[in-house]
Amino acid sequence: MRDNVCILIPTLNEGRTIGHLVNAYRELGFGDIMVIDGHSSDNTVAEATKAGARVVQQNGRGKGMAVQQAFNMIDKEITVMVDGDGTYIPAEVDRLIAPIAAGAADQVMGNRFANYSKGAFTLLNHLGNKLLNWAFNFTYHVRYNDLLTGYRAFNKKALKMMNLNQSGFGIETELTVECIKKDLRICEVPITYQARLSDAPTKLNPLGDGVKIGYTIYSLGKTYNPMMYSTILSFLFMGTGVLMGLYIVYDRFFVSPPIDHIPLTILATLLITFGFQIFVFGYLIDMIFVSQREMLREIRKR
Ligand SMILES: Nc1nc2c(ncn2[C@@H]2O[C@H](COP(=O)(O)OP(=O)(O)OP(=O)(O)O)[C@@H](O)[C@H]2O)c(=O)[nH]1
Ligand SMILES: [Mg+2]
């Protein structure tokens, strides 16, 4: 069973933890451990090699690029992906493998919120994760607890079917989105999340990367839920137009002498009309997408 599993660890300057992590997976009986390294400037490569991992230097930059490259190289029935920062527990790997081995899921996501130690999430990370999870569930009509988890498992079918393009920390979002779009089965299992070592800095910028991930959810959503995408855009336009309209009406009817804002009136009318058009386009595109999705489903069934 373990012979059919590849443990994939993306790393960038994880020299403090990677050796221990690779050893732990080897002790659990895994022979194929692939470390895909993002040109670390510390001793990550040496430590990983010494512990017995197959180390590959990634092309380009970013965790997403590394994951895409690794997926193209892996040919095992099951792939487990885990961060190299020692925040996940190797001994919990069977929780992720079990649903795939049983044929019950194509991707398994480890839910860190099931059990996390004090300090594992900063307040900002915790709030950001919750907000992004909510936005994701809302866009894709699903109910997952932990979209951005770094402990996941995939079967070969999922690995080969996913079409990945995100180069950075948007990759976790895309891994989940692709499974939803391709009708692959996802399941969540509870896992433990530990705090980072205090002298091992994160590569994630909570604010900058949080905004990027939020944008990823939004922009990937346009080919899944165009209605939501266009509704947000149209509300922005219409909302601005309506606010301007209120101001125009106030100055025209509630002040004396009345003030006319002719150019602003034209602009407000245009904004409202344009916003309404976007809404209607979104509705039409949504209808096309829904029927296309149903057609794809029928084709996949055959
Ligand atoms: N190959 C590669 N790995 C990366 C890159 N950036 C980050 N990683 C690795 O991806 C994993 C996740 O990165 P972290 O910095 O832990 O990000 P995070 O887990 O989302 O954030 P924290 O909650 O702060 O730990 C770690 O194993 C990193 O070493 C990169 O550019 N290339
Ligand atoms: Mg981490």
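Residues numbered from 1 in each chain as written. Chains lettered and ligands numbered in written order. Predicted model: local features only at pLDDT ≥ 70, side-chain atom pairs only at ≥ 80, totals over all residues. Heavy atoms only, no water.

**Concerning the site of ligand 1**
As a matter of local geometry, ligand 1 sits amid 20 residues, with Glu14, Gln58, Gly84, Arg196 and Thr202 nearest to it. Take lysine 63: an N or O atom from its main chain is 3.4 Å from an oxygen atom of ligand 1. Tyrosine 193 places a polar side-chain atom, nitrogen or oxygen, 3.1 Å from an oxygen atom of ligand 1. In isolation ligand 1 offers 640 Å² of accessible surface; the protein chains occlude 92% of this area. (Near = heavy atom within 4 Å. Polar contact = N/O pair within 3.5 Å; in protein donor to acceptor, adjacent residues only side chain to side chain. Areas by Shrake-Rupley, 256 points an atom, 1.4 Å probe, with all protein chains shown as cover.)

**Observations regarding the packing of helix H1 (residues 18–27) against helix H2 (residues 44–51)**
Closest axis-to-axis distance for the H1/H2 pair is 8 Å, and the angle between their directions is 20 degrees. Between H1 and H2, the angle is such that the two are roughly parallel. As H1 packs across H2, the resulting crossing turns out to be right-handed. Of H2, the residues touching H1 (which contributes Ile18, Gly19, Val22, Asn23 and Arg26) are Thr44, Glu47, Ala48 and Ala51. Partitioned by chemical class, the residues of the contact of H1 with H2 number four nonpolar, three polar and two charged. (Axes fitted to C-alpha atoms, helices over the stretch in contact; angles between N-to-C directions. Helix = DSSP H or I, 4+ residues; strand = E, 2+ residues; numbered from the N terminus. Parallel < 35°, antiparallel > 145°, perpendicular 65-115°, else oblique. Left-handed = near helix turned anticlockwise from the far one by under 90°. Contact = heavy atoms within 4.5 Å. Nonpolar A, V, L, I, M, F, W, Y, C, P; charged D, E, K, R; others polar.)

**A short note on the domain arrangement of the protein**
Looking at the assigned domains, one finds that the protein contains domain 1 (2–221) and domain 2 (226–301). Distance between the C-alpha centres of domain 1 and domain 2: 39 Å. Tallying the contact residues gives nine residues for domain 1 and seven residues for domain 2. When domain 1 packs against domain 2, close to 690 Å² is buried across both sides, 56% of that on carbon and sulfur atoms. Summed over the shared surface of domain 1 and domain 2, the result is two salt bridges. The interface formed by domain 1 and domain 2 holds one residue pair in polar contact (both at pLDDT 80 or more) in total. Within the residue set of the side of domain 1 that touches domain 2, elements represented by two or more residues are helix H5 (123–140) and helix H8 (206–221). Considering each element in turn, the side of domain 1 that touches domain 2 owes the most residues, three residues, to H8. (Domains from an automatic or database assignment. Buried area = accessible area lost by both parts, 1.4 Å probe. Salt bridge = Lys/Arg side-chain N within 4 Å of Asp/Glu carboxyl O.)

**Quick look at the pairing of strand E5 (residues 107–116)**
The element E5 is largely enclosed, with a buried count of seven among its ten residues. Bridge count for E5 against strand E6 (residues 152–155) is three bridges, and the pairing is antiparallel. Bridge pairing in E6 links methionine 109 to arginine 152. Note that E5 and strand E7 (residues 186–193) share seven bridges and pair parallel. Along E7, the bridge assignment pairs asparagine 111 with proline 190. (Buried < 20%, exposed > 50% of the residue type's maximum accessible area, 1.4 Å probe, protein only. Pairing = 2+ DSSP bridges.)

**A short note on the nonpolar core**
Core analysis: the largest hydrophobic core is formed by 35 residues, its most contacted members being Leu8, Phe71, Phe136, Tyr140, Phe154, Leu175 and Ile180. Among the secondary structure elements, those contributing two or more residues to this core are strand E1 (5–11), strand E2 (32–37), helix H3 (63–73), H5, helix H6 (156–161), helix H7 (171–181) and H8. Membership of the second largest hydrophobic core comes to 31 residues, among which are Ala53, Tyr88, Ile100 and Ala120. (Core = buried A, V, L, I, M, F, W, Y, C linked by side-chain atoms within 4.5 Å.)

**As for the side chain of asparagine 225**
Tracing the backbone shows asparagine 225 in the loop between H8 and helix H9 (226–253). Reaching out from asparagine 225, the side chain makes a polar contact with the backbone oxygen of threonine 139 at a distance of 2.8 Å. Beyond its immediate sequence surroundings of up to four residues, asparagine 225 is in contact with Phe138, Thr139, His141 and Asp286.

**Some points on the pattern of salt bridges**
Side chains that differ in charge, positive against negative, can pair when their charged atoms come close. Here the structure, examined in full by the defined rule, presents 19 salt bridges. Put simply, arginine 2 and aspartate 94 hold a salt bridge, and the shortest N to O gap is 2.8 Å. Here aspartate 94 lies in helix H4 (residues 93–101) and arginine 2 lies in the segment before E1, a separation of 92 residues in the sequence. Between lysine 63 and aspartate 83 there is a salt bridge, with the nearest N and O atoms lying 2.9 Å from each other. Within this pair, whereas lysine 63 is found in helix H3, its partner aspartate 83 is found in the loop between strand E4 (78–81) and H4, the two being separated by 20 residues in sequence. The same class applies to lysine 63 as to aspartate 83, namely buried. When salt bridges that share partners are traced, they join Glu14, Asp85, Arg196 and Lys203 into one network.

**What to know about the sheet that holds strand E3 (residues 54–57)**
Strand order in the open sheet formed by seven strands is E3-E2-E1-E4-E6-E5-E7, and the pairing between neighbours is mixed. At either end of the open sheet lies a strand with only one pairing partner, and these are E3 and E7. Each strand of the sheet is rotated relative to its neighbour by a mean of 25 degrees, with strand direction disregarded. Bridge count for E1 against E4 is four bridges, and the pairing is parallel. By the bridge assignment for E4, valine 5 is matched with isoleucine 78.

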